[in-house]
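Okay, here's what each chain looks like letter by letter:
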Amino acid sequence: MILWPKSKRSISLEVAATVAAAAKAGGAIPVGVFVDETAEAGAYSLSTQVYLLVCPSKARLEGAQVNSQCARVQRCMMIKQSS
């Protein structure tokens, strides 16, 4: 579920909670997609950290995918380490 307000497909936390409940009832794992536009290469912004702590529990999510420069750098580092 997209939980980034700038996306055309973004939904509210209330709708996400309803979708998450239906997903769990059907055996799926609900995951939210978030974007941190302010993150630098080394760390997420404080507002994103707080948002990622609060939103998944309010929306009853089992996981979160974060798209940001920080996430891209961390992924590249993980790939290099596994090579």
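Coordinates for the structure precede this section.
Here is a short report on the structure shown in this document. Quick caveat: nothing in here was measured; it's all calculated off a predicted structure.

If you tally the helices and strands in the protein chain, you get 3 helices and 2 strands. Each helix and strand of the protein chain, ordered N terminal to C terminal, gives the series α-β-α-β-α. Residues counted as buried form 28% of the 83 residues belonging to the protein chain. Excluding contacts between residues fewer than 6 apart, the proportion of contacts in the protein chain whose partners are at least 24 apart in sequence is 70%. Summed over all atoms, the accessible surface of the protein chain reaches about 5,700 Å², with 59% contributed by carbon and sulfur.

Even without a glycine there, the phi angle at R60 is positive, about 60 degrees. Tracing the backbone through its elements, the reader meets R60 in the loop between α2 (46-58) and β2 (63-67).

A few words on the pattern of salt bridges. Two side chains of opposite charge can pair, provided their charged atoms sit close to one another. Applying the stated rule across the entire model yields 1 salt bridge. For K24, the salt bridge is made with E62, and the minimal N-O distance between the two is 3.1 Å. Taken together, the positions of K24 in helix α1 (residues 13-25) and E62 in the loop between α2 and β2 put the pair 38 residues apart, joining distant regions of the chain.

Let us look at the environment of I2. Positionally, I2 belongs in the segment before α1. With 30 residues separating them along the chain, I2 and G32 place their C-alpha atoms 5.8 Å apart. Not counting residues within four places of it along the chain, the set of residues in contact with I2 comprises S7, R9, S10, I11 and V33.

Definitions and limits used
Residues numbered from 1 in each chain as written. Predicted model: local features only at pLDDT ≥ 70, side-chain atom pairs only at ≥ 80, totals over all residues. Heavy atoms only, no water. Helix = DSSP H or I, 4+ residues; strand = E, 2+ residues; numbered from the N terminus. Buried < 20%, exposed > 50% of the residue type's maximum accessible area, 1.4 Å probe, protein only. Contact = heavy atoms within 4.5 Å. Areas by Shrake-Rupley, 256 points an atom, 1.4 Å probe, with all protein chains shown as cover. Salt bridge = Lys/Arg side-chain N within 4 Å of Asp/Glu carboxyl O.

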